[in-house]
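Structural description and commentary
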Amino acid sequence: MRLTLTTILALSLLATACGDANQEEDPDAGLARTTPIATSVRNAAPDPINMDAVVQQQLEVGLRFQQTAAGGDEPNTVTSPHSLNTWLGQVYLASSGTTRTDLAENLGFPVEDDSYHEAANALHVQLAQNGNSDDVALTIVNHSWYAPDKVVKDQFLFQLGWHYGSDAYRIDFADDSELARATVNARIDRDTKGLVPEFFGPEDVTPRTKYLLVNSVYFNAKWAQPFDPSSTLPRDFTNLDGQAVRTETMHLTGYVAGAKTEAYDALRLDYKSNALSILYIVPNADFAAFEGTLDATTLSDVDDALEIQETAVRVPRLQLRTKVSLDPVMNTAFGIDLKTGTYENLGPLTTLTTAKQETIVVIDEAGSKAAGVTGGGNNGAGPIEPELEIAI
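Heads up: these notes are all about the structure in this document.

Below, the discussion takes up the overall build of the protein chain. The number of helices and strands found in the protein chain is 10 helices and 13 strands. Burial status across the protein chain gives 51% buried among its 392 residues. For the protein chain, restricting intrachain contacts to residue pairs at least 6 apart in sequence, the fraction spanning at least 24 positions comes to 76%. Of the roughly 18500 Å² that the protein chain leaves accessible, carbon and sulfur atoms contribute 50%.

See below:
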């Protein structure tokens, strides 16, 4: 099974540090004290029977999310469908009542409850197998954080670990919210190899924060056919508004999979694993109209139309970063209001008040790198989660 970046989008950037080679530093120095409350015991052999259906569903969700997010003010938008879907799977696990039903229906789950989570885990297992070599690194990490007084159901923590490999920690947001924020961000920074150093801002983590759920995806792969840096030259790149800008453009001539049709030009560049690739699609007419009709079937049709032939390739060298608030995009794209939902499978009287994603993609002569982080929880905005409910 070949997986394209249009399907999973999971790239990243390695960070190096300078200092005394003989001095080891404690990576947790200066961070808040945390107490593990659940160490994940992940199902290492999930049943893959529903995996293909869930892959198609997650691809549709990712494409619609991308199309909606791209309607904002930013001229270029990059999102991480796999990070989004993995995080939404955990939100679905926490959800209860009509929120749970709405998530399954509006996101088009082909199966529900444990069957969905097991299929998502089967996809994780396959991705992990494809991303464990000297030439390809792919890691998907989940973790959750809870205030000392936040009641969390044991069954939720078990399922979070069993299906998503998520560890859980107690951390005191009220005592020093800035230190708690730095601690969670340091974990994300480590998971993304320095690519996303400060995911949560001061508005996301406050003394009233009750919990956070986080997913991080990291990918770093070398091209099967690398570009020669000496061949990279400035070249005009035409934006959607018709304006040409000078862009550093990589050049390569070789046998690659490509297609030229009346509707689009397409190109697939493989990574050294030969199981992962990136798919470029350039519409020849109305970009917005083509993007609006892009779905899993269209992507499959484009991939089927590709033929391996000697091709002169010109690809811009680029770095893109996008930060997205999930609530308005999810509301517009799927009719889901995350902030008004109920999540009592996590714990009693649980609400979700903040959710966001940050994605960065770097493409250069050596290969592709990126990270996608999706996270959120209750940051104390809006009604306070009561510690006790009494009905008479």
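There is more to say after this.
Another aspect to go through is the packing of helix 3 (residues 81–94) against helix 5 (residues 113–130). Packing of helix 3 against helix 5 brings their axes to within 11 Å, and their N-to-C directions diverge by 150°. Between helix 3 and helix 5, the angle falls in the class roughly antiparallel. Of the two possible hands of crossing, helix 3 and helix 5 adopt the one that is left-handed. Between helix 3, through H82, G89, Y92 and L93, and helix 5, the contact on the second element is made entirely by D113, Y116, H117, L123 and L127.

Two side chains with opposite charge may pair up if their charged atoms get near one another. Tallied over the entire structure, the rule returns 14 salt bridges. Here R246 makes a salt bridge to D236, at a shortest N to O gap of 3.1 Å. Taken together, the residues span a long stretch of sequence, with R246 in strand 7 (residues 244–260) and D236 in strand 6 (residues 233–238) at a distance of 10 residues. Classification of D236 by relative accessible area gives partly exposed; the value is 43%. Between R321 and E358 there is a salt bridge, with its nearest N and O atoms 2.6 Å apart. Placement of R321 in strand 11 (residues 318–325) and of E358 in strand 12 (residues 354–363) is noted, with a sequence separation of 37 residues between them. A relative accessible area of 37% places R321 in the partly exposed class. On the basis of relative accessibility, which here comes to 5%, the residue E358 falls in the buried class.

Overall, mixed pairing links the 7 strands, which are arranged 2-4-3-5-13-12-11 in an open sheet. In the strand order of this sheet, the two ends are held by strand 2 (34–38) and strand 11, each with one partner. Taken pair by pair, the neighbouring strands of this sheet meet at an average axis angle of 20°, ignoring direction. Across the face of the sheet, helix 7 (residues 177–191) comes into contact with strand 2, strand 3 (136–146), strand 4 (167–171), strand 5 (211–222) and strand 13 (367–378) while running at roughly 160° to strand 3.

Conventions we followed
- Residues numbered from 1 in each chain as written.
- Predicted model: local features only at pLDDT ≥ 70, side-chain atom pairs only at ≥ 80, totals over all residues.
- Heavy atoms only, no water.
- Helix = DSSP H or I, 4+ residues; strand = E, 2+ residues; numbered from the N terminus.
- Buried < 20%, exposed > 50% of the residue type's maximum accessible area, 1.4 Å probe, protein only.
- Contact = heavy atoms within 4.5 Å.
- Areas by Shrake-Rupley, 256 points an atom, 1.4 Å probe, with all protein chains shown as cover.
- Axes fitted to C-alpha atoms, helices over the stretch in contact; angles between N-to-C directions.
- Parallel < 35°, antiparallel > 145°, perpendicular 65-115°, else oblique.
- Left-handed = near helix turned anticlockwise from the far one by under 90°.
- Salt bridge = Lys/Arg side-chain N within 4 Å of Asp/Glu carboxyl O.
- Pairing = 2+ DSSP bridges.

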